[in-house]
Amino acid sequence: MVVDSRGNFREDNFGKAVAVVNDVTGDSVSASKRQKKGAGGGDPTLVIGDGKEKSDVAKLVKMVMEKNFDPIIIFSFSKKECESLAMQMVAMDLNTAEEKQMIEAVFTSAIDVLSIEDQKLPQIRNLLPMLQRGFGVHHSGLLPILKEMVEILFQEGLIKALFATETFSTGLNMPAKTVCFTHVRKFDGGSFRWVSSGEYIQMSGRAGRRGLDDKGLVVMMLDARMEPSVAKQMLKGAADTLYSEFHLEYNMLLNLMRVEGVEPEELMHRSYRQFQTERLLPALQQKLRRLEGEHESFKIPDEHSIEEYLMLTDQLVAFQQQMRSLLYQPKYALPFLQPGRLVQISLAAEATDETDGSAEGPTHAPVWGAIINFQKALSKSKRGKDDEKPRSKDKEFLIDILVNIRKVSAQQSHRRPIPIPANSDGEALIMAVTLGEIAAISSLRVYIPQDLRSVQSRQNAIKAPLWKWSGDLRAAHLS
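Keep in mind the model is a prediction, meaning the values are calculated, not measured.

Draft legend 1. Just the packing of helix α4 (residues 97–111) against helix α8 (residues 144–155), in detail. At a minimum axis distance of 11 Å, the contact between α4 and α8 shows a crossing angle of 155°. Overall, the two elements α4 and α8 adopt an arrangement that is roughly antiparallel. Like other packed secondary-structure pairs, α4 and α8 cross with a definite hand, here right-handed. Side by side, α4 and α8 meet where Ile103, Val106, Phe107 and Ala110 of the first sit next to Ile145, Met149 and Leu153 of the second.

Draft legend 2. Spatial organisation of the nonpolar core. Leu131, Phe135 and Phe163 are the most contacted members of the largest nonpolar core, which totals 56 residues. Here Phe163 is in contact with Val57, Ile74, Cys82, Leu85, Ala86, Met89, Phe135, Gly136, Val137 and His138, once residues within four sequence places are set aside. Grouped together as the second largest cluster of nonpolar side chains are 31 residues, Leu337, Val343, Leu347 and Ile462 included.

Draft legend 3. Region of interest: the packing of aromatic side chains. The full count for this structure, using the stated rule, is seven aromatic pairs. On the basis of an interplanar angle of 25° and a centroid distance of 5.4 Å, the ring pair of Phe181 and Tyr200 is categorised as stacked. Here Tyr200 lies in helix α9 (residues 197–204) and Phe181 lies in strand β4 (residues 178–181), a separation of 19 residues in the sequence. Assessed through its relative accessible area of 11%, Tyr200 is described here as buried. Taking the centre distance of 6.3 Å and the plane angle of 65° together, the rings of Phe374 and Phe397 count as edge-to-face. On the criterion of sequence distance, the pair formed by Phe374 in strand β9 (residues 367–376) and Phe397 in strand β10 (residues 397–405) is long-range, its members being 23 residues apart.

Draft legend 4. Representation of the sheet that holds strand β7 (residues 217–220) in the model. Read from one edge of the open sheet, five strands run β2-β3-β1-β4-β7, paired in parallel fashion. Pairing within the sheet leaves two strands with one partner each, and these edge strands are β2 (135–138) and β7. When strand polarity is set aside, the average angle formed by the axes of neighbouring strands in this sheet is 20°. Here strand β1 (residues 72–75) pairs with β4 via four bridges, running parallel. From the neighbouring strand, Phe75 faces β4, where its bridge partner is Phe181.

Draft legend 5. Structural context of the pairing of β9. Taken together, the four bridges between strand β8 (residues 341–345) and β9 define a ladder with antiparallel strand orientation. Looking at β9, one finds that Ile345 is bridged to Val367.

Draft legend 6. How the structure looks around the pattern of salt bridges. Within the structure shown, the criterion is met by eight salt bridges. As a salt-bridge pair, Glu99 and Lys160 come within 3.4 Å of each other at their nearest N and O atoms. Placement of the pair is Glu99 in helix α4 and Lys160 in the loop between α8 and β3 (161–164), with a sequence separation of 61 residues. Arg290 is paired through a salt bridge with Glu294; the nearest N and O atoms lie 3.3 Å apart. Taken together, the positions of Arg290 and Glu294, both in helix α13 (residues 272–297) and four residues apart, correspond to about one turn of that helix. A residue is classified by how much of its surface remains accessible, and Glu294, at 43% relative accessible area, is partly exposed. Several salt bridges share partner residues, and in doing so they unite Glu166, Lys186, Arg193 and Glu199 into one network.

Draft legend 7. Region of the structure containing a nonpolar patch on the surface. A cluster of nonpolar residues, Leu242, Tyr272 and Phe275, forms a patch on the protein surface that exposes about 320 Å² of accessible area. If you trace the backbone, Leu242 turns up in the loop between α10 (228–236) and α11 (250–257). Leu242 gets classed as exposed once you look at its relative accessible area, which sits at 59%.

Draft legend 8. Examining helix α3 (residues 79–87) more closely. All buried positions along α3 are accounted for by Glu81, Cys82, Leu85 and Ala86. Within α3, the buried residues cover an arc of 135° as seen down the axis, which keeps them to one side. Two or three places before Lys80, at the opening of α3, Ser78 has a side-chain oxygen 3.4 Å from that residue's backbone nitrogen.

Draft legend 9. Just the sheet that holds strand β11 (residues 427–434), in detail. Across the sheet, five strands lie side by side as β11-β10-β9-β8-β12; this open sheet has antiparallel pairing. Each of the sheet's edge strands pairs with one partner strand only, and the pair in question is β11 and β12 (438–445). Strand-to-strand, the axes of this sheet are offset by a mean angle of 40°, without reference to chain direction. As paired strands, β10 and β11 are joined by eight bridges and run antiparallel to one another. When the bridges of β11 are listed, Asp400 appears paired with Ala432.

Draft legend 10. Examining the pairing of β2 more closely. What you see with β2 is no split at all: Phe135 and Val137 on one side and Gly136 and His138 on the other are buried throughout. Pairing between β2 and β3: four bridges, direction parallel. Bridging from a neighbouring strand, Gly136 pairs with Leu162 of β3. Considered for its hand, the β-α-β crossover made up of β2, α8 and β3 is right-handed.

Draft legend 11. Looking closely at the environment of Asn8. Within the fold, Asn8 resides in the segment before α1 (11–39). Each C-alpha atom of the pair Asn8 and Lys232 lies 9.7 Å from the other, and the pair is 224 residues apart in sequence. When near neighbours in sequence (up to four residues on either side) are disregarded, Asn8 contacts Val2, Val3 and Lys236.

How each quantity is defined
- Residues numbered from 1 in each chain as written.
- Predicted model: local features only at pLDDT ≥ 70, side-chain atom pairs only at ≥ 80, totals over all residues.
- Heavy atoms only, no water.
- Axes fitted to C-alpha atoms, helices over the stretch in contact; angles between N-to-C directions.
- Helix = DSSP H or I, 4+ residues; strand = E, 2+ residues; numbered from the N terminus.
- Parallel < 35°, antiparallel > 145°, perpendicular 65-115°, else oblique.
- Left-handed = near helix turned anticlockwise from the far one by under 90°.
- Contact = heavy atoms within 4.5 Å.
- Core = buried A, V, L, I, M, F, W, Y, C linked by side-chain atoms within 4.5 Å.
- Buried < 20%, exposed > 50% of the residue type's maximum accessible area, 1.4 Å probe, protein only.
- Phe/Tyr/Trp six-rings, centres within 6.5 Å; stacked < 30°, edge-to-face > 60°.
- Pairing = 2+ DSSP bridges.
- Salt bridge = Lys/Arg side-chain N within 4 Å of Asp/Glu carboxyl O.
- Patch = residues over 30% accessible without salt bridge, like charges linked within 9 Å, V, L, I, M, F, W, Y side chains within 5 Å.
- Areas by Shrake-Rupley, 256 points an atom, 1.4 Å probe, with all protein chains shown as cover.
- Arc of directions from axis to C-beta.
- Polar contact = N/O pair within 3.5 Å; in protein donor to acceptor, adjacent residues only side chain to side chain.
- Right-handed = clockwise from strand over helix to strand, strands pointing away.

Don't take any of this as a statement about function, it's just geometry.
See the structure below:
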């Protein structure tokens, strides 16, 4: 026994069992090598996974029947292997004549609901002889009616040995006296891994019937070398935590309203999700009290002065916004928007499509550019019927700005250009901004060439004045 009656992991017994398995495996490999050598070579390990495994499972079932350890569930992680192992038991008969008659009666009654053509399917025709001998198969590849029939026969004790996949251990109350694992490694879609402790607990928990057996027996067939630490984690590890995925949605509420006498509040109260929430409530309340205690014990030196400073800062920001909204009205700002005037622009986060939604306001530092021209935006009638939203005063005019733009890939060309400092590596382009996106207007004006169609002319125009002055420019308030 690797785990004794007290639940202790016996590492010494596990070491002895692994040593015996290694000795048997080594002898099998040597014998298979001698056989393959005379036959012209080949892969000797194939014999271990094929012929030897057949005899091991057959011997195990025979031993279980002799020692009255039945019924037994043999778990395999392959549907094909479940059927293959069941077919290997063709020479064994575990049922009496009376039990065979009962199985045939249940089988005939079950398949009567199927059509004549369906009753001739190989899956159905081959199942009855197997069931009459006391063996069964249960996996997702079976027809639902056959799986239900196998479950009924196993529950009535007419199936002594059942070959099943791990789905049989979930959602079905079908205990047995003995459980066997044909493998301790399973394929999870990417690679082979050890069976987790939660999976082991779920499947091995079928061993032992309440009120019938004093204890259950679990047999593990090692198909790979296992370290004691891995075995201990598998056998003594914790079960997987269950989390409810229950969500009350609108369609569920509408369906509940159609059922008389059913209240959504009652459904929520009886759900497993509500049970988990209520169980976590004491811990959350304790955490809240701890955090409130930390908050009360936290002392801020000269807190009154800090509050006053914060209040004055908020007032300053509010006054600056009021002054800016007044100064940047078209009737005051337009006279200063001559060609060559240096202005500082700042784009909002959503304007450049590079925001993560965590904060509001600009995501890039304001940069300087030179005004080329400005024009009034299209009126409501010219914009079309789809754009009925009225424009604010700071969006009534569009200002063309010559500015250094960040270089982007072809996939990002649909986004609005992102301005960068003039001394950065970029591309000089003319982009349109609104009055609301102008952060400051300088008192400086620069010379702008008449022809800006070529890349070189735009680059020379932006580098000459802004390279020298962009770090020292100061905004001049309009008066």
